[in-house]
Amino acid sequence: MEQVKEKKATNSAFSSLVTDRLGGETITLCYQCGTCASSCPVAKITPDFNPREVIKLSLLGAEEEVLSGDSIWLCCSCYNCQERCPQKIEIADVIYALRNIAFEKGYIPNIYYQFASAIINDGRIVKVSKFAENKRPTLGLPPLQPTGVEPLRKILSATGFSKMQKKKEESS
Amino acid sequence: MTSYALFLGCTIPARQPNYELSARKTLTKLGIELVDLANMTCCAPPPVQSIDFETSLAIAAYNICLAEEADLNLLTLCSGCFESLAMTNAMLKADEELKAKINKILSQAGKEFQGSKEVKHFLQVLIDDVGLERLKQSVSKPLSSLKVAAFYGCHALRPSELLKLDDPERPRILENLIETLGAESVEYRNKLKCCGGLLRGSSDELALELAREKLANTSKADADCIATLCPFCFVALDIGQIQVRAKFNENYDIPVLHYSELLALALGIDPKELALQTHKIKIDRVLNKIFLQQS
Amino acid sequence: MNEVKVGVFLADSGKQLSKILDFEAIIEYVKNVSNVVFVARGNEFWQGEGLRTIVDTVKDGKINRVVVAGTLPKLSEVKIAQAIENAGLNPYLMEFIDLKDHCAWPHRETPSEATEKAKAMLLGAIERSKLLEPLEKLEFPALKSTLVIGGGIAGMQTAVDLADLGFEVNLVEKAPFLGGLAARAGRFFPTDDCAICIQSPASDVKTITHTSRKCVYRSGFSEIPKLDILTNSKIVAVEGVSGNYKVTIEKKPRYVNEKCVRCDLCTTVCPIEVPDEYNAKLKTRNAIYMDIPNVHPPVYVIDDIVCKFHECARCVEVCPTKAIELDQKSEQITLTVGSIVVATGFEEFDSSVIKEYHYGDYPDVITNLELARMIDGFGPTGGVIIRPSDCKPAKKIVFIQCVGSRDRRYKPYCSSICCMISLKHATLIKSAYPDADISVCYIDVRTTGREHEYYYERAREMGIKFVKGRPTEISRDPETNRLIVDVEDALLHRFLELDADLVVLAPAMVPAEGTKELAEILGIELDEDGFFKEYNAKLRPTETKLRGMYLCGGATFPKDAPTTSLQAHSAAVKAAKFLTAGKIVKDQKTAVVNEEYCGDCEFCPVTCPYGAITLVPTTEDHFVAKISDLLCEGCGICVGTCPLNAIELRHSRPSQMRAQMEALMSINGTSKPLVLALCCSECGHAAVDSSGMAMMQYPANVRIMKVPCTGILQIHQFLEAFKAGAQGVMIVGCKSDGCHYEVGVQKAEKKVKLAKLLLKEYGIAPERLEMFNMVFIEGDKFAEAARMMTERLAKLGSLQLMEGSQEGEVN
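A short tour of the structure in this document, coming up. Predicted model, so just to flag it, every value in this text is computed and none were measured.

Cut-offs applied
- Residues numbered from 1 in each chain as written.
- Chains lettered and ligands numbered in written order.
- Predicted model: local features only at pLDDT ≥ 70, side-chain atom pairs only at ≥ 80, totals over all residues.
- Heavy atoms only, no water.
- Contact = heavy atoms within 4.5 Å.
- Buried area = accessible area lost by both parts, 1.4 Å probe.
- Salt bridge = Lys/Arg side-chain N within 4 Å of Asp/Glu carboxyl O.
- Polar contact = N/O pair within 3.5 Å; in protein donor to acceptor, adjacent residues only side chain to side chain.
- Helix = DSSP H or I, 4+ residues; strand = E, 2+ residues; numbered from the N terminus.
- Nonpolar A, V, L, I, M, F, W, Y, C, P; charged D, E, K, R; others polar.
- Pairing = 2+ DSSP bridges.
- Axes fitted to C-alpha atoms, helices over the stretch in contact; angles between N-to-C directions.
- Buried < 20%, exposed > 50% of the residue type's maximum accessible area, 1.4 Å probe, protein only.
- Arc of directions from axis to C-beta.
- Parallel < 35°, antiparallel > 145°, perpendicular 65-115°, else oblique.
- Left-handed = near helix turned anticlockwise from the far one by under 90°.

**Description of the interface of chain A and chain C**
Between chain A and chain C, the residue contacts involve 24 residues of the former and 23 residues of the latter. The contact between chain A and chain C buries some 2100 Å² in all, and 45% of this surface belongs to carbon and sulfur atoms. Where chain A packs against chain C, one counts four salt bridges. The residue Glu473(C) makes a salt bridge to Arg84(A) at a minimum N-O spacing of 3.1 Å. Along the contact surface separating chain A from chain C lie 14 residue pairs in polar contact (both at pLDDT 80 or more). At four residues, helix α2 (residues 35–39) of chain A tops the list of elements feeding residues into the side of chain A that touches chain C. A breakdown of the residues in the side of chain A that touches chain C according to their chemical character gives eight nonpolar, eight polar and eight charged.

Written out as structure tokens, the structure is:
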């Protein structure tokens, strides 16, 4: 039996966009079995998110609908779908890839601007307040080591992350 | 003496001194040295990965580089940090092209990822470096009669191909560790299902729905408390319990403790030293069971 | 008589070729070639007057080499060879070229160039013919007996056919009883009748009416003359070659002989009870047992792993016919057979690895085969469908398809029969129990065969429910002990929690246990899924690369009963064909090793796709390669592999090839650079034929030389071509994954790559050498390639090699 060569979707530019992204490479393997959907805790409690449907829409090329919608932001990253998928599709990573593309195109929930700013400014997603830091000796905890904000900023600059953040701020 | 570079992440130093205290004190007591390295950053959890996967890999790799430079393996307390760092470690070790790509970015910060060190979860260190036998011998206050609902959360176990902590369908590590303390690990419905922690802040309604399900299932199983591994799970089920009470008018009154806190109590560490006031849901029920039984 | 006398016969095809080619000039030229003593021109030479001319010339002793320029190459070669053999000349002393499809037709627009090419082609054929040697037809003994491994419906049907054809048949089955999966499965689709129904033998069993089929025990199968059945037996070793295999079989003791009357008294006293695996552990059996009474042999057997033997021996005491022999020992049996058919079948995948389905964990999660045991009236529940956990009747049944199949974590392929099996079971149950509540969870419903769609229709008509979704997990309610199947119905966009008494998994079908070991013993390849690999899935599904070894049934891939039958009959014909004459006849166009040069580097045995080469010790430390004339397929890949040029292929020796090559390059007659196209005798040469047949035009400077397989070529032969006057060299072979000799073209591709590097070092443009892959119907591709090469070489300019024996500049 011959090896089946993986083909990139040639009839849909959007699925090529996804397969070219880090994390999105396996999306075209999907044969819509629905195992991911019944594994998904979020899908069970709201019709607004269904991983099988997100993949189907993406494969059909519904770029605008997928990227501009709220759906892809409802995934709770539990990775249950990825564990159970019989085609070994990295579903949770595909959702991340879709979010990455959405971010680039400017579709993004507000709270993520805050996350991004926090990373750039403090090197942390949740800032350790001075209050918390000062309390450490009384609690018996050693002093907090400094956060590597400078090296982090260099990394963010290299990946274009800071530029992305700026773009959003300019446009919003 | 086994040493690890301790990776604290953000949430624990910011809000959960109880996790940090119990972890430090128990590990020290068990003979593990924890080294605090300078210049660590956020691990690059899901919110960062959602913005740009490559950036999150680079940030995680950067932190691993610090450990590599200090010639230490990394120990994480937060499961989210564990997933982020361990996944990055595994991905870069397996894919030369990806590693080269990330190293190009890291070179801007003067770092190079080698793939020479391991990232371990607190639980793995207990199993691998202490061992259940020695742990059992170190217990001075067995938690007998305590019924604990073990809750792994998601990111300690999945994606299992990269994290390799335990069998993703039938894990035993946490239950064994609970039983070693003398407590009883109770089974409950949908044990491995997500608590909704990551949805807090962006989709509170859904988050509370999932937290409520978890609380209901553990309650039905008659658990005295829930043992967590992750600060997000902790928040979802502790502070979240109050919010669930407010929204659904359901009072579960189940204390939520990190495994490290149960461990600290079992090892005889004074509860006053553990910042137990951090818990929003009072844990008196647990303390009573442990201490009043001992007289 | 050592003098070589060549006769050249030129066919004009109704005087059409001479309209393009200048036959007079050609004949004049040919007459003047040394050793040519006779030239004839005619309409055609493969029949009629033309053929008679050749025969007479041979008979008169005028010529001892025959060169024919004709048409219809295969037909001509066969007919003319037969004729000259009858006339007393060795048939291998003949050379054939096609002046129509290789010259006149493709170059009709440049007739003078075509004529010059024709001269070169004839010179090539003549020079080659001078170096041809007489070859013999080889005969090898072929025993008229066969071995069939596997006593399921595939093996049994093959055995019947072979016995009917008059061969001795040895049927070997590793289980104590025949029947295989069919006996356990009960009923087969598309007819829902007994699975162990096989074609009844035509031979010797005298019946008044002879219907087309009978179940095994009614068919008199075991009484077919010349059919020897060995159950409880395993193949241990196979030696020898096709036509003459020596097979060693280990026959495990049964401990019960034919005096057994199947009274069942022994089981009533046997103290040992073990879970009955045959019956899906739905009941127990004793150490002494019979699976089901309707196959063969009708004799009980003792499980020697659990039996206490003489410590107990209660069965011996009660047996009314003293049929039990506790002291029976293993026997080693040796057979000699001419051909072997493998019919070892398949089995169900172990679903317990899919932990979320809890197979093995929850007793009420079973597989289709286990359900079949329940449905079977002979089975452990007498035909009642029950929940194994509490033996209560199962009313609500959920089927889950593709468990392990179409799953890249386990078996990526579709097992092809499971949709039908589940539909069969669902409809059988619903017929017997109309209030059964049955759902089938599927990804796709595959009902592709004859009458299969009808099953799906009937199922829906009966009210069986279909849920399009693959369940994520099966859980169990701790209080009620009932199963819950968690699935999304994608068509409804709704999440369902299906309540079930019983969940039936349709697992993937995998090769039978022991397949890997048997493949090693027989020397047959397995495919990437672990099934026996057939030679060619399209045209030769029951053959292997090894002459004498055949495959049929589920052993190559899961399949249904009708397809299994077909394959069984096909395998029987193949296994019989070369044995009927009592001998295997092969031509001697085989490879031969010059033992003086052989350096026992061990490359060739590994390279030969047919396992024809073995290393034979000559002294303590020294081996030489020996090539089996029986197994050699004449591809020449070993020739192309040997680093010491120690191997030559008869009829395509390097000297013969060189002579032809030099001749083809000796005459140009065009203003274009000469190109030598080395074409494999399969696709490559066929593509050239087809371009000519379609009269596609390409320039006459392109000269064709046929080789058996491009794998025979050595790099120095490419360089020789340049030395002989080629400005460019084309290597034309089959598609990379379609070499008719398995690996030849891939080896040629590698050599071309390496040769290009060498050419570059020599200061010769590497683009002068090029590899082309094509099939017969791509004649246009050949013409295009020929034109492209010509243009490319024209642009590169003339290749100047230094005088003398050096090949170009050497750095």
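Having put the structure on the table, let's press on.
**Observations regarding the interface of chain A and chain B**
Listed by partner, the interface residues are 55 residues for chain A and 59 residues for chain B. Interface of chain A and chain B: buried area, both sides summed, is about 4800 Å²; carbon and sulfur atoms make up 69% of it. When residues of chain A are sorted by the area they lose upon contact with chain B, Leu22(A), Glu83(A) and Ile155(A) head the list and together hold 13% of the total. A salt bridge links Glu20(B) to Arg136(A); the nearest nitrogen and oxygen atoms lie 2.6 Å apart. The tally of links from chain A across to chain B stands at 18 residue pairs in polar contact (both at pLDDT 80 or more). Looking at the side of chain A that touches chain B, the elements that each hand over two or more residues are α3 (41–45), α6 (80–84), α7 (91–105), α8 (110–122), α9 (130–139), α10 (149–159) and α11 (161–171) of chain A. Residue contributions to the side of chain A that touches chain B peak at seven residues, all from α10(A).

**Side note on the sheet that holds strand β25 (residues 465–468) of chain C**
Paired through backbone hydrogen bonds, the strands of a sheet run either parallel or antiparallel to each other. All names here are of chain C. Across the sheet, which stays open at both edges, the five strands sit in the order β22-β29-β23-β24-β25 with parallel pairing between neighbours. At either end of the open sheet lies a strand with only one pairing partner, and these are β22 (365–367) and β25. Direction aside, neighbouring strands of the sheet carry axes that sit 25 degrees apart on average. Here strand β23 (residues 396–403) runs beside strand β24 (residues 437–442); their pairing, made up of five bridges, is parallel.

**Some thoughts on unusual backbone geometry**
Arg158(B) connects to Pro159(B) through a cis peptide bond whose omega is 0 degrees. Residue placement: Pro159(B) occurs in the loop between β5 (147–150) and α9 (160–163). Note the cis peptide between Phe189(C) and Pro190(C), where omega equals 0 degrees. Relative to the elements of secondary structure, Pro190(C) occurs in the loop between β8 (187–188) and β9 (193–194). Positive phi, close to 75 degrees, is recorded for Ser145(B), a residue that is not glycine. The topology assignment puts Ser145(B) in the loop between α8 (132–138) and β5. Owing to a relative accessible area of 38%, Ser145(B) belongs among the partly exposed residues under this scheme. At Met695(C), a position not held by glycine, the phi torsion is positive, near 55 degrees. Along the polypeptide, Met695(C) turns up in the loop between α18 (683–693) and β38 (702–707).

**Quick look at the environment of His452(C)**
Residues and elements named next belong to chain C. Within the secondary structure, His452 is located in helix α12 (residues 452–461). On the accessibility criterion, His452 (6% relative accessible area) is buried. The spacing of His452 and Phe221 is 231 residues in sequence and 30 Å in space, taken between C-alpha atoms.

**Some words on α9(A)**
The complete set of buried residues in α9(A) reads Ala132(A), Arg136(A) and Leu139(A). Projection of α9(A) onto a plane perpendicular to its axis shows the buried side chains occupying an angular sector of 85 degrees, all on one side. Of the exposed residues in α9(A), the ones pointing more than 90 degrees away from its buried face are Lys130(A), Phe131(A), Asn134(A), Pro137(A) and Thr138(A). On its buried face, α9(A) is in contact with α1 (11–15) and α2 (17–29) of chain B. Just downstream of α9(A) lies Gly140(A), where phi reads positive at about 95 degrees.

**Focus on the sheet that holds strand β19 (residues 331–337) of chain C**
Residues and elements named next belong to chain C. Reading across from one edge, β13-β14-β19 is the order of the three strands in this open sheet, with antiparallel pairing throughout. Strands with a single pairing partner mark the edges of an open sheet, and in this sheet they are β13 (233–241) and β19. Direction aside, neighbouring strands of the sheet carry axes that sit 20 degrees apart on average. For β13 and strand β14 (residues 244–251), the ladder comprises eight bridges, and the chain directions are antiparallel. What sits directly across from Val238, in β14, is Val247.

**Digging into the packing of helix α10 (residues 368–375) of chain C against helix α11 (residues 418–432) of chain C**
Residue and element names in this part refer to chain C. Here α10 crosses α11 at 30 degrees, and the two axes come no closer than 11 Å. Between α10 and α11, the angle falls in the class roughly parallel. As for the relative orientation of α10 and α11, their crossing is left-handed in sense. Contacts from Asn368, Leu371, Ala372 and Ile375 in α10 reach Cys418, Ile421, Ser422, His425, Leu428 and Ile429 in α11. Per-class residue counts for the contact of α10 with α11 are seven nonpolar, three polar and no charged.

**Regarding the environment of Tyr112(A)**
Within the secondary structure, Tyr112(A) sits in helix α8. Judged by relative accessible area, Tyr112(A) falls into the buried class, the value being 8%. The residues touching Tyr112(A), leaving out its near neighbours within four places in the chain, are Trp73(A), Arg99(A), Pro47(B), Ser50(B) and Ile51(B).

**Observations concerning the pattern of salt bridges**
Residue and element names in this part refer to chain C. According to the stated counting rule, one finds 74 salt bridges over all chains in the structure shown. When the shortest N-O distance is used, the salt bridge between Asp60 and Lys62 registers 3.9 Å. In this structure Lys62 comes out as partly exposed when scored by relative accessible area, which is 44%. Close ionic contact of Lys583 with Glu139 constitutes a salt bridge, the shortest N to O distance being 3.1 Å. Taken together, the residues span a long stretch of sequence, with Lys583 in strand β32 (residues 583–587) and Glu139 in strand β5 (residues 137–141) at a distance of 444 residues. The exposure class assigned to Lys583 is partly exposed, which follows from its relative accessible area of 34%. Via salt bridges that share partners, Asp364, Arg387, Asp390, Lys392, Lys396, Arg482, Asp499 and Asp501 belong to a single interconnected network.

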